[in-house]
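Observations on the three-dimensional arrangement
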Amino acid sequence: QVQLVESGGGLVQSGASLRLSCAASGRPFSTYAMGWFRQAPGKEREFVAAINWSGTNRYYADSVKGRFTISRDNAKNTVYLQMNSLKPEDTAVYYCAVGDPASGSYSAKYEYHYWGQGTQVTVSS
């Protein structure tokens, strides 16, 4: 059974940093893309960042570019999201996902087949 478990969320002040982790189990994910999405109350789930299987290509939403960094450790089946200079508008539940964006659409939710349960990030002003 495939399982993705996120951790590292919390309540921080504006300008602070957090590092999210997502550990995958149940199968090796080294050949799959991994992504982070987020969903704020009353809003649709949106793309945040993604990384290809080898870690050589990274993709970011414009809203987080320059502040967030995605990385992965295939030996640990884990993907990370380093979030710096957090803003109140970053408040959301953050989900990791695993997929195989053959079409190159790393930001598309439909390309991801497995999802974690989410971790809450709250940024106070």
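Structural notes, computed from the coordinates. Everything numeric in this text was worked out from a predicted model, so none of it was measured.

Parameters and conventions
- Residues numbered from 1 in each chain as written.
- Predicted model: local features only at pLDDT ≥ 70, side-chain atom pairs only at ≥ 80, totals over all residues.
- Heavy atoms only, no water.
- Helix = DSSP H or I, 4+ residues; strand = E, 2+ residues; numbered from the N terminus.
- Buried < 20%, exposed > 50% of the residue type's maximum accessible area, 1.4 Å probe, protein only.
- Contact = heavy atoms within 4.5 Å.
- Areas by Shrake-Rupley, 256 points an atom, 1.4 Å probe, with all protein chains shown as cover.
- Pairing = 2+ DSSP bridges.

Below, the discussion takes up the overall build of the chain. Looking only at helices and strands, one finds zero helices and 11 strands in the chain. Scanning the chain from its N terminus toward the C terminus, one meets helices and strands in the order β-β-β-β-β-β-β-β-β-β-β. Referenced to the eigenvectors of the C-alpha coordinate spread, the extents of the chain come out at roughly 40 × 25 × 25 Å. The buried share among the 125 residues of the chain stands at 43%. Taking contacts inside the chain between residues at least 6 apart in sequence as the whole, the part at least 24 apart equals 57%. Looking at the chain as shown, the accessible area adds up to about 6,300 Å², and 46% of this sits on carbon and sulfur atoms.

Attention shifts here to the pairing of strand 8 (residues 78-83). Buried residues dominate strand 8, accounting for five of its six residues. Note: strand 3 (residues 18-25) against strand 8, six bridges, orientation antiparallel. Within strand 8, the position partnered with Leu18 by the bridge is Met83. Bridge analysis of strand 7 (residues 68-73) against strand 8 gives six bridges, and the strand direction is antiparallel. The partner of Asp73 across the bridge, within strand 8, is Thr78.

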